[in-house]
Amino acid sequence: MTLVVDVLTLFPDALHSYAGISVLGRARDRGVWDLRVHDVRDVTTDVHRSVDDTPYGGGAGMVLSPEPLAQSLDALGERRGPVIALTPAGTPFRQARARELARESELTLICGRYEGFDQRFLDTRVDEEISVGDFVLAGGELAALCVLEAVVRLLPGALGNAESVEEESFSDGLLEYPHYTKPAVWRGREVPEILTSGDHGRIARWRRAQALRTTLERRPDLLRLESLSAEDRALLEAFAPVVDSPSGDRLD
Ligand code: SAM
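About the criteria used
Residues numbered from 1 in each chain as written. Predicted model: local features only at pLDDT ≥ 70, side-chain atom pairs only at ≥ 80, totals over all residues. Heavy atoms only, no water. Helix = DSSP H or I, 4+ residues; strand = E, 2+ residues; numbered from the N terminus. Rg over C-alpha atoms; globule rule 2.2 N^0.38 Å. Buried < 20%, exposed > 50% of the residue type's maximum accessible area, 1.4 Å probe, protein only. Contact = heavy atoms within 4.5 Å. Lys, Arg positive; Asp, Glu negative; His and termini not counted. Charge placed at Lys NZ, Arg CZ, Asp CG, Glu CD. Near = heavy atom within 4 Å. Polar contact = N/O pair within 3.5 Å; in protein donor to acceptor, adjacent residues only side chain to side chain. Areas by Shrake-Rupley, 256 points an atom, 1.4 Å probe, with all protein chains shown as cover. Nonpolar A, V, L, I, M, F, W, Y, C, P; charged D, E, K, R; others polar. Expected span 1.5 Å × (residues − 1). Patch = residues over 30% accessible without salt bridge, like charges linked within 9 Å, V, L, I, M, F, W, Y side chains within 5 Å. Salt bridge = Lys/Arg side-chain N within 4 Å of Asp/Glu carboxyl O. Core = buried A, V, L, I, M, F, W, Y, C linked by side-chain atoms within 4.5 Å. Domains from an automatic or database assignment.

Describing the overall build of the protein chain
Okay, step 1: Assigned secondary structure in the protein chain consists of eight helices and nine strands.
Okay, step 2: In terms of overall dimensions, the protein chain is more spread out than a globule: its C-alpha atoms have a radius of gyration of 23 Å, far above the 18 Å expected for 252 residues.
Okay, step 3: Seen along its three principal axes, the alpha-carbon backbone of the protein chain occupies a region of about 70 × 45 × 35 Å.
Okay, step 4: The 252 residues of the protein chain split such that 44% are buried.
Okay, step 5: The long-range share in the protein chain, meaning contacts at least 24 apart out of those at least 6 apart in sequence, stands at 72%.
Okay, step 6: Distance from the positive charge centre (29 side chains) to the negative charge centre (42 side chains) of the protein chain: 6 Å.

Quick look at the structure:
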């Protein structure tokens, strides 16, 4: 099944350019997914191709008018998948949502600009708002590409090595363990001895312990020490004992 992604934007080139390279480009060439980019200005009829106007109630900046966006959406016909607007006020985007979206046959992504969307358009034509982080971009194109790439690389056939998405950050609720490559000693720093031991069972346990420790230290919102199983606590004790707060106080 090919995932079809429609993107509504004022800057189509931004989408075409990034979607044509690397993982996205190759997967598209192989028919794993397809991209249709729609310039919202194409539905306008005035000489300035206007898509925005001043905000009711005053204030700085311009607001995207609902009508050109609605007409652009209408022109796509009936939607088979979610219609998603990229907004800083949306639900924070997570890997779990990327996995769900990768099961859809069709996605519609709508990129904002200026001060954002007229609320009536969001209320009546959009199923979901997604934010890619607690910061403000100038437009929704980069945010749409973040969502797009996170979803497409999960599609069967998108990546060369099918295992590559199975052991990475967030796949099991943890951040990933650290990676090392050749040389074995780089500028005086050695690869952890266990990785060159050839003992795959120990390596797997060490990696899980590192993933647990990194997640506990950096993202206590994802994992708390007191929620760990006895087995994971033992792994930490054996392989990554620097976690120094058995009570979990440090994580509060
Ligand atoms: N006035 C808006 C606010 O304060 O929330 C910011 C609008 S922003 C300058 C313009 C557009 O960029 C938004 O409509 C949205 O499409 C996109 N955008 C900016 N930051 C984003 C984020 N963190 N996640 C998703 N989209 C974002």
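Next comes the rest of the description.
Notes on the site of the ligand
Okay, step 1: Neighbouring the ligand are 19 residues, the closest being Leu86, Gly112, Glu115, Phe135 and Leu137.
Okay, step 2: In this structure, a nitrogen atom belonging to the ligand sits 2.8 Å away from a main-chain N or O atom of Phe135.
Okay, step 3: A distance of 2.9 Å is found between a nitrogen atom of the ligand and a backbone nitrogen or oxygen belonging to Leu137.
Okay, step 4: Bound to the protein, the ligand loses 82% of the 580 Å² it would expose on its own.
Okay, step 5: Of all elements in the fold, only β5 (83-92) and β7 (128-131) reach the threshold of two or more residues within the shell around the ligand.
Okay, step 6: Broken down by element, the residue count for the shell around the ligand peaks at three residues, all from β5.
Okay, step 7: Across the shell around the ligand, the residue classes break down as ten nonpolar, seven polar and two charged.

A short note on helix α6 (residues 141-152)
Okay, step 1: In this model α6 runs 16 Å from its N-terminal to its C-terminal C-alpha over twelve residues, within 8% of the 16 Å that 1.5 Å per residue would give.
Okay, step 2: For α6, a buried count of nine out of twelve residues is recorded, marking the element as mostly surrounded by other parts of the structure.
Okay, step 3: Here α6 has its buried residues at Glu141, Ala143, Ala144, Leu145, Val147, Leu148, Ala150, Val151 and Val152.

A few points about a nonpolar patch on the surface
Okay, step 1: Together, Phe135, Leu137 and Leu142 line one region of the surface with nonpolar side chains, adding up to about 290 Å² of accessible area.
Okay, step 2: Mapped onto the elements of the fold, Phe135 is located in the loop between β7 and α6.
Okay, step 3: The exposure class assigned to Phe135 is partly exposed, which follows from its relative accessible area of 46%.

Thoughts on the nonpolar core
Okay, step 1: One finds Val5, Trp33, Leu109 and Leu148 to be the most contacted residues of the largest nonpolar core, which totals 35 residues.
Okay, step 2: If you list the elements that add at least two residues to this core, you get β1 (3-9), α1 (12-19), α2 (22-29), β2 (33-39), β5, α4 (95-101), β6 (106-111) and α6.
Okay, step 3: Per-element tally for this core: the top contributor is α6, with eight residues.
Okay, step 4: Once residues within four sequence positions are removed from consideration, Val5 is found in contact with Trp33, Asp34, Leu35, Arg36, Leu107, Leu109 and Leu148.

Describing the domain arrangement of the protein chain
Okay, step 1: Under the domain assignment, the protein chain is made up of domain 1 (3-152) and domain 2 (170-252).
Okay, step 2: On a C-alpha basis, the centroid separation for the pair domain 1 and domain 2 is 38 Å.

Describing the pattern of salt bridges
Okay, step 1: Overall, the coordinates contain 16 salt bridges when judged by the stated rule.
Okay, step 2: One salt bridge in this structure joins Arg28 and Asp34, with 3.3 Å as the shortest N-O distance.
Okay, step 3: What makes Arg28 partly exposed here is its relative accessible area of 28%.
Okay, step 4: For Asp34, a relative accessible area of 32% corresponds to the partly exposed category.
Okay, step 5: Note that Asp221 and Arg219 form a salt bridge whose closest N and O atoms lie 2.9 Å from each other.
Okay, step 6: One salt-bridge network, held together by shared partners, links Asp6, Arg36, Arg79, Arg80 and Glu106.

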